[in-house]
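Per-entry structural report
Spelled out, the chains give:
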Amino acid sequence: MPTAIPCSTPPGTPPPVSAPTPSAQPSFAERVWCVLKAWLRNPMEVATLCPSSPFLREHLADRDCVRQASRLIELGPGDGGTTQALLASMRSDAQLLAIEKTDAFAESLGTITDPRLTVEIADACDLIDIVARHDFGTVDVAISGIPFSYLSPMDAKRITQSVHEVLRPGGVFIAYQLASDVKDYARPLFGPPETEIIPMNLPPLQSFVWTKIEEPRGEATGA
């Protein structure tokens, strides 16, 4: 039986509150068709032709940090399968900001009728501006399905730096990927990740998990 994955939570965090009833989820065939249409329109922005599996969705959402978070962001939610899994685990007073670059997914994401969700069809390179525009404040958890191996080094660095900036100290960054490129971009900011294989997905993926550690002020290095 799978167990919850503990993550760092801020002191004084209230216990989780029951979430609203989730909206009806599309069938697997409907999700496959949605992903296929998106890939046909934007093949360089869609990493796979297969929607996220139940095992992947559980791997991302069945975490204490998700259940206890007040503010979460999801980068690259795709057709919204992982988004709905996160919403099902979140507190009733939490907020999720989902940022998707591929506009072919807009219709599918728009069918998720949950007041805690805000969907922005935009580029994650503009994450800091998007967070500020929505008055979202600092973030407890950031989840990314963006395929970093498809990005230019400049964009990959900009996105990881932006994630690091919007996360609170002790906040958690989770990236699920086919390749390990994200590890090289995030390591200078977050240090080495916790890595896990997700075999029950097509294709099998890796997850990389970091917790943001803030250096004490005044502890600068140098002579």
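Quick caveat, the model's predicted, so the values are computed rather than measured.

Thresholds applied
- Numbering of residues starts from 1 in every chain and runs along the sequence as written.
- For a predicted model such as this one, the threshold for reporting local features is a pLDDT of at least 70, and the threshold for listing and counting side-chain atom pairs is 80 or more; totals across whole chains, interfaces and linings nevertheless cover every residue.
- The side-chain numbers reported here are obtained from all heavy atoms of the structure, hydrogens and water having been left aside.
- In summary, the pairing rule links any two rings of Phe, Tyr or Trp, Trp by its six-membered ring, whose centres are within 6.5 Å, and it sorts them by plane angle into stacked for under 30 degrees, edge-to-face for over 60 and tilted for everything else.
- Under this scheme, a helix contributes an axis fitted over its contacting stretch, all axes are lines through C-alpha atoms, and angles between N-to-C directions fall in the 0 to 180 degree range.
- A helix here means a DSSP run of H or I that spans at least four residues, while a strand means a run of E at least two residues long, and both kinds are numbered starting from the N terminus.
- Every angle not falling under 35 degrees, over 145, or within 65 to 115 is termed oblique; those three ranges are roughly parallel, roughly antiparallel and roughly perpendicular.
- Handedness of each helix crossing follows the sense of rotation of the near helix against the far helix: counterclockwise by less than a right angle gives left-handed, clockwise gives right-handed.
- Any two residues whose heavy atoms approach within 4.5 Å are treated as being in contact.
- Charged means Asp, Glu, Lys or Arg here, nonpolar means Ala, Val, Leu, Ile, Met, Phe, Trp, Tyr, Cys or Pro, and polar covers whatever is left, Gly included.
- Definition used in this section: a nonpolar core is a set of buried Ala, Val, Leu, Ile, Met, Phe, Trp, Tyr and Cys residues joined via side-chain atoms within 4.5 Å.
- Throughout this description, buried means an accessible area under 20% of the type-specific maximum (1.4 Å probe, protein chains only), exposed means over 50%, and partly exposed covers the range between.
- pLDDT measures the predictor's confidence residue by residue and takes values from 0 up to 100.
- Whenever a carboxyl oxygen of Asp or Glu lies within 4 Å of a side-chain nitrogen of Lys or Arg, that contact is scored as a salt bridge.
- In this description, strands pair whenever DSSP reports at least two bridges between them.

Let us now look at the packing of aromatic side chains. In the structure shown here, the tally under the stated rule is four aromatic pairs. For the ring pair Phe208 and Trp210, a centre distance of 6.2 Å and an interplane angle of 25° mean the geometry is stacked. Taken together, the ring pairs connect Phe173, Phe190, Phe208 and Trp210 into an aromatic cluster.

Next up on the list: the packing of helix H2 (residues 54-61) against helix H4 (residues 81-89). Following both chains from N to C, one finds H2 and H4 inclined at 45°, their axes separated by 9 Å at the closest point. By the criterion of interaxial angle, the relationship of H2 to H4 is oblique. Pair H2 / H4 crosses with right-handed handedness. Facing Arg57, Leu60 and Ala61 of H2, the residues of H4 in contact are Gly81, Thr82, Ala85, Leu86 and Ser89. For the contact of H2 with H4, the class distribution of residues is four nonpolar, three polar and one charged.

Let us look at the nonpolar core. Within the largest apolar cluster, 28 residues are counted, with the highest numbers of intra-cluster contacts made by Ile73, Leu75, Leu127, Ile159, Val163, Phe173 and Trp210. Listing elements by their share of this core, those giving two or more residues are strand S1 (71-75), strand S2 (95-100), helix H6 (127-133), strand S4 (139-144), helix H7 (153-166), strand S5 (167-177), helix H8 (181-190) and strand S7 (205-211). Among residues more than four places away in sequence, those in contact with Trp210 are Gly171, Val172, Phe173, Ala175, Val182, Lys183, Ala186, Phe190, Gly191, Pro192 and Pro193. Among the nonpolar cores identified, the runner-up in size contains 26 residues, and Ala94, Ile174, Ile198 and Val209 belong to it.

Averaged over all residues, the pLDDT of the protein is 84; the fraction at 70 or higher stands at 74%. Note on residues 1-9: pLDDT is under 50 here. Beyond four places in sequence and across chains, it has 23 contacts. Predicted confidence for residues 217-223 stays below pLDDT 50, and this span has zero contacts to residues more than four positions away or in other chains.

We now examine the pattern of salt bridges. Enumeration according to the criterion identifies eight salt bridges in this entry. Here Asp62 makes a salt bridge to Arg67, at a shortest N to O gap of 2.8 Å. The class of Asp62 is buried, set by a relative accessible area of 18%. Note that Asp93 is salt-bridged to Arg91, the shortest N-O span being 2.9 Å. On the basis of relative accessible area, Asp93 is assigned to the partly exposed category, the value being 45%. With a relative accessible area of 4%, Arg91 lands in the buried category. Salt bridges sharing common partners tie together Asp62, Asp64 and Arg67.

Below, the discussion takes up the sheet that holds S7. Across the sheet, seven strands lie side by side as S3-S2-S1-S4-S5-S7-S6; this open sheet has mixed pairing. Lying at the two open borders of the sheet, with one neighbouring strand each, are strand S3 (117-121) and strand S6 (194-198). Pairs of neighbouring strands in the sheet enclose a mean axial angle of 15°, with direction left out of account. Bridge analysis of S5 against S7 gives six bridges, and the strand direction is antiparallel. Note on S7: the bridge partner recorded for Ala175 is Phe208.

Moving on, we get to the packing of H7 against H8. At a minimum axis separation of 9 Å, H7 and H8 run at an interaxial angle of 40°. Along this stretch, H7 crosses H8, giving a crossing that reads as right-handed. Listed contacts from H8 to Pro153, Ala156, Lys157, Thr160, Gln161, Val163 and His164 of H7 are Tyr185, Ala186, Leu189 and Phe190. When its residues are assigned to classes, the contact of H7 with H8 shows seven nonpolar, three polar and one charged.

The subject of this paragraph is unusual backbone geometry. Backbone torsion omega between Leu202 and Pro203 reads 0°, so that peptide bond is classified as cis. Although it is not a glycine, Asp135 sits at a positive phi angle of roughly 50°. When you line up the elements, Asp135 lands in the loop between H6 and S4. Taking the relative accessible area as the measure of exposure, Asp135 reaches 70% and is therefore exposed.

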